Amino acid sequence: MRLGFRAVRTLVAALMVGCAAKQEQPATVARAQELMAAAEGKRGDVVLRCEPADAEVLLDGVQQGLCSDFSSVSRSLRLADEGFHQVEVKKRGFWPYTTYYAPSGARVTLKVKLRPVTPEAGGGAP
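These lines cover the structure that appears in this document, whether it is placed above or below.

In this section: the sheet that holds strand E2 (residues 56-59). Taken together, the four strands give an open sheet; going across it, the order is E3-E2-E5-E6, and neighbouring strands pair in antiparallel fashion. In this open sheet, the two strands that pair with only one neighbour each are strand E3 (62-66) and strand E6 (97-101). Shown here is a sheet whose adjacent strand axes are inclined to one another by a mean of 25°, direction ignored. Of the strand pairs in this sheet, strand E5 (residues 85-90) and E6 are connected by five bridges, and their pairing is antiparallel. Bridge assignment links glutamate 88 to a residue of E6, and that residue is threonine 98.

Right, dumping it as structure tokens:
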């Protein structure tokens, strides 16, 4: 079968119009967008990297465990409620560290280095 010049031009034009038309998104992309929208502002994960690692972690004044308990992605501090939450890291002999975090659907890493209450030996003025 042999097509004439006009037939080929018409076929090419039809194909170009079809390619330029808005195509629907695959179901997986649409589902991913739904999940992202649902996750926004509803939870958050906090990974804690602390010195000393055996410092206590409190969430909104309630003890959650030690810093080392929340030191990896699979063992992060999970915040399920919206709004600001108080995260406190403390250990006897060190100044406490307090911060506030509002879950935004993201995972954050918090690096905390507690300072001793008494100056370390050799760290004073001459």
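So, on to the state of the cysteines. Overall, the coordinates contain one disulfide when judged by the stated rule. Each sulfur in the disulfide pair cysteine 50 and cysteine 67 lies 1.9 Å from the other. With cysteine 50 in strand E1 (residues 44-51) and cysteine 67 in the loop between E3 and strand E4 (77-79), this pair connects stretches of sequence that are 17 residues apart. Classification of cysteine 50 by relative accessible area gives buried; the value is 13%. Take cysteine 67: its relative accessible area is 1%, and that puts it in the buried class.

Turning next to the environment of valine 47. Relative to the assigned elements, valine 47 resides in strand E1. As for valine 47 and serine 71, which are separated by 24 residues in sequence, their C-alpha atoms are 5.5 Å apart.

With respect to the helices, strands and loops of the structure, histidine 85 is situated in strand E5. On the basis of relative accessible area, histidine 85 is assigned to the buried category, the value being 7%. At 2.7 Å, the side chain of histidine 85 and the side chain of aspartate 60 are in polar contact. If we ignore the near neighbours within four places in the chain, the residues touching histidine 85 are Leu59, Asp60, Leu79, Thr99, Tyr100, Tyr101 and Pro103.

What follows deals with the environment of leucine 58. Among the secondary structure elements, leucine 58 is positioned in strand E2. It is 9.3 Å that separates the C-alpha atoms of leucine 58 and threonine 98, two residues lying 40 residues apart in sequence. Apart from residues lying up to four places away in sequence, leucine 58 is in contact with Gln63, Gln64, Gln86, Val87, Glu88 and Lys90.

Attention now goes to the pattern of salt bridges. Where side chains of opposite charge bring their charged atoms close, a pairing between them can arise. Counted under the stated rule, the structure contains three salt bridges. As a salt-bridge pair, aspartate 45 and arginine 107 come within 3.6 Å of each other at their nearest N and O atoms. Within this pair, whereas aspartate 45 is found in strand E1, its partner arginine 107 is found in strand E7 (residues 107-113), the two being separated by 62 residues in sequence. A residue is classified by how much of its surface remains accessible, and aspartate 45, at 6% relative accessible area, is buried. Lysine 91 serves as the salt-bridge partner of aspartate 54, at 2.7 Å between the closest nitrogen and oxygen. Here lysine 91 lies in the loop between E5 and E6 and aspartate 54 lies in the loop between E1 and E2, a separation of 37 residues in the sequence.

Conventions we followed
- Residues numbered from 1 in each chain as written.
- Predicted model: local features only at pLDDT ≥ 70, side-chain atom pairs only at ≥ 80, totals over all residues.
- Heavy atoms only, no water.
- Pairing = 2+ DSSP bridges.
- Helix = DSSP H or I, 4+ residues; strand = E, 2+ residues; numbered from the N terminus.
- Axes fitted to C-alpha atoms, helices over the stretch in contact; angles between N-to-C directions.
- Disulfide = S-S within 2.5 Å.
- Buried < 20%, exposed > 50% of the residue type's maximum accessible area, 1.4 Å probe, protein only.
- Polar contact = N/O pair within 3.5 Å; in protein donor to acceptor, adjacent residues only side chain to side chain.
- Contact = heavy atoms within 4.5 Å.
- Salt bridge = Lys/Arg side-chain N within 4 Å of Asp/Glu carboxyl O.

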